[in-house]
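Remarks on the overall topology
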Amino acid sequence: NPESQESSEPDTPVTRFQNYLRIKTAHPNPDYASAVSYLNSQAQSIGLQSRTFQFTPNKPLLLLTWPGSDPTLPSLLLNSHLDSVPAEPSKWAHPPFAAHRTPGGDIFARGAQDDKCIAIQYLEAIRNLKASNFNPIRTVHVSYVPDEEIGGMDGAAKFAVSEEFKELKVGFVLDEGQANPGDEFRVFYADRTPWNLIVKAKGMPGHGSRMFDNSAMENLMKSIELMTRFRETQFDEVKAGNAVNSEVISVNPVYLKSGIVSGDGFAMNMQPSEAEAGFNIRIPPTVDPDLVKKRIAEEWAPEARNLTYQLIENGPTRDYMGRPLMTPTDDSNPWWSVFKQAIAAAGGKLAKPEILASTTDARFMRQQGIPTLGFSPMTNTPILLHEHDEFLKDTIFLKGIKIYESIISALSSFEGGTQ
Ligand SMILES: [Zn+2]
Ligand SMILES: [Zn+2]
């Protein structure tokens, strides 16, 4: 009956994308079980092998496999993360977990760009290649990993060092990238390493009216002043056009904590004996991380000013040979030229390879010495990851599937130079 036909939702690449977007995988309580179960149902309809790992309890990692005809060749891994950052629904034009599509084709959802688009595009590209009777020579793996947005330590970090991973003999990885408002596809050969720095100050407490040296607040504010000055030197390089954002060290304060709580507020006539500040630091691979550590110890949080600090390094800055985590984008990397040609073959233009300003799970793969590129095929799209009103246009999403068809068929069928 035509009426029920109209009311039942069609099953298309776009509606499958919308259904995936509707699964609430935002922190702090990502519904990994539903996401994995949905992706598994898709894998089944395509005819992919499936395994679920629990490197950490209740944090599943889904691995789908399309076996190639020559399993002795290194395989191709397509990675995306299952989780998303939180969203504040009241600040969105459309609810962040409804995946509403406007008449113009914009699909609004948390995760539309970061990075649920590529999760479904990988599958749709493989579905189309299978339907056209394409057979890969190299094995193609697709991984869906938990916890990327909170550092990846219970997800990709454990996966990358596992026996299970070793057995995959991964030769090349594609992971998420970023949108481009212009019409070229961006590609990333490195990430910045994320550090969290917590600086704690102690000092003499005292009456709010007194002037004295070495209060906790004064000691902390001196650090903030020095870090702010350093931040300016870095930002000035960007403003002067000598570097882009991702090529300098960013140091941004993210919280301040002090004061003596009294009732609903603070005791305004007391100078506290403790004060604390948190900083998000991102280090480009071109910088020696030890120099930053020295600066922290000697300048930003020296004991002499009654300061202590805790530096949390979220992952590696170097591979096992001590080299910075950068994937070559030249002839020394045989995968690079195949990737580049595949984009061109699909009618796409590739931008100059960049360092990513933020951070992805790619760093764990690069640490293993595996060439890894960050790539999300979104051209003519504003950069909205982690922002309100994150969206992706349906036509851009569909074009991305074609791009991946070209990439996956090219990378899985070239035989040279990677033994
Ligand atoms: Zn992401
Ligand atoms: Zn993100």
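Going by the structure above, here's the rest.
The text that follows walks through the structure, step by step, so that each part is easy to find. (Residues numbered from 1 in each chain as written. Chains lettered and ligands numbered in written order. Predicted model: local features only at pLDDT ≥ 70, side-chain atom pairs only at ≥ 80, totals over all residues. Heavy atoms only, no water.)

At the metal site, the zinc ion (ligand 1) is ligated by His-81 (NE2), Asp-114 (OD), Glu-176 (OE) and Glu-176 (OE), and these contacts range over 1.9 to 2.6 Å. Bound by 4 donor atoms, the zinc ion (ligand 1) shows angles of 55 to 153 degrees at the metal and therefore irregular coordination geometry. Sequence positions of the donors to the zinc ion (ligand 1) reduce to the motif H-x32-D-x61-E. Taken as a pair, the zinc ion (ligand 1) and the zinc ion (ligand 2) show a spacing of 3.4 Å, with Asp-114 coordinating each metal. With His-81 in strand β3 (residues 75-81) and Asp-114 in the loop between β5 (106-108) and α4 (116-131), this pair connects stretches of sequence that are 33 residues apart. Take Asp-114: its relative accessible area is 6%, and that puts it in the buried class. (Donors = N, O, S within 2.8 Å, 3.2 Å for Na, K, Ca; no water. Tetrahedral: all angles 85-135°; square planar, octahedral: opposite > 155°, others 65-115°. Helix = DSSP H or I, 4+ residues; strand = E, 2+ residues; numbered from the N terminus. Buried < 20%, exposed > 50% of the residue type's maximum accessible area, 1.4 Å probe, protein only.)

Pairing within the open sheet is antiparallel, and its 4 strands lie in the order β11-β15-β9-β16. The sheet is open, and its two borders are formed by β11 (250-258) and β16 (307-313), each paired with just one other strand. Neighbour to neighbour, the strand axes of the sheet diverge by 20 degrees on average, direction disregarded. Two elements, strand β9 (residues 193-202) and strand β15 (residues 274-283), share 10 bridges in a ladder whose sense is antiparallel. By the bridge assignment for β15, Trp-195 is matched with Ile-281. (Pairing = 2+ DSSP bridges. Axes fitted to C-alpha atoms, helices over the stretch in contact; angles between N-to-C directions.)

Bringing empty space enclosed by the protein into the picture now. Counting across every chain of the model gives 2 cavities of 30 Å³ or more. Approximately 80 Å³ is the volume found for the largest cavity. What lines the largest cavity is a set of 15 residues, and nearest its centre among them are Asp-191, Thr-193, Pro-285, Thr-317 and Leu-325. Put simply, the parts of the chain that give the lining of the largest cavity at least two residues each are β8 (188-191) and α10 (362-367). Residues belonging to the lining of the largest cavity are distributed by class as follows: 8 nonpolar, 2 polar and 5 charged. Of the pockets and cavities examined, the second largest cavity occupies roughly 40 Å³. Looking at the second largest cavity, the residues that line it are Gln-113, Asp-114, Glu-176, Gly-177, Gln-178, Ala-179, Met-378, Ile-383 and Leu-385. (1 Å grid on protein atoms, 1.4 Å probe; cavity = no way out; pocket = protein on both sides within 12 Å on 5 of 7 lines; lining within 4 Å. Points joined across faces, edges and corners; volume = space filled by probe spheres on them. Nonpolar A, V, L, I, M, F, W, Y, C, P; charged D, E, K, R; others polar.)

Distances and angles like these do not, on their own, reveal function.
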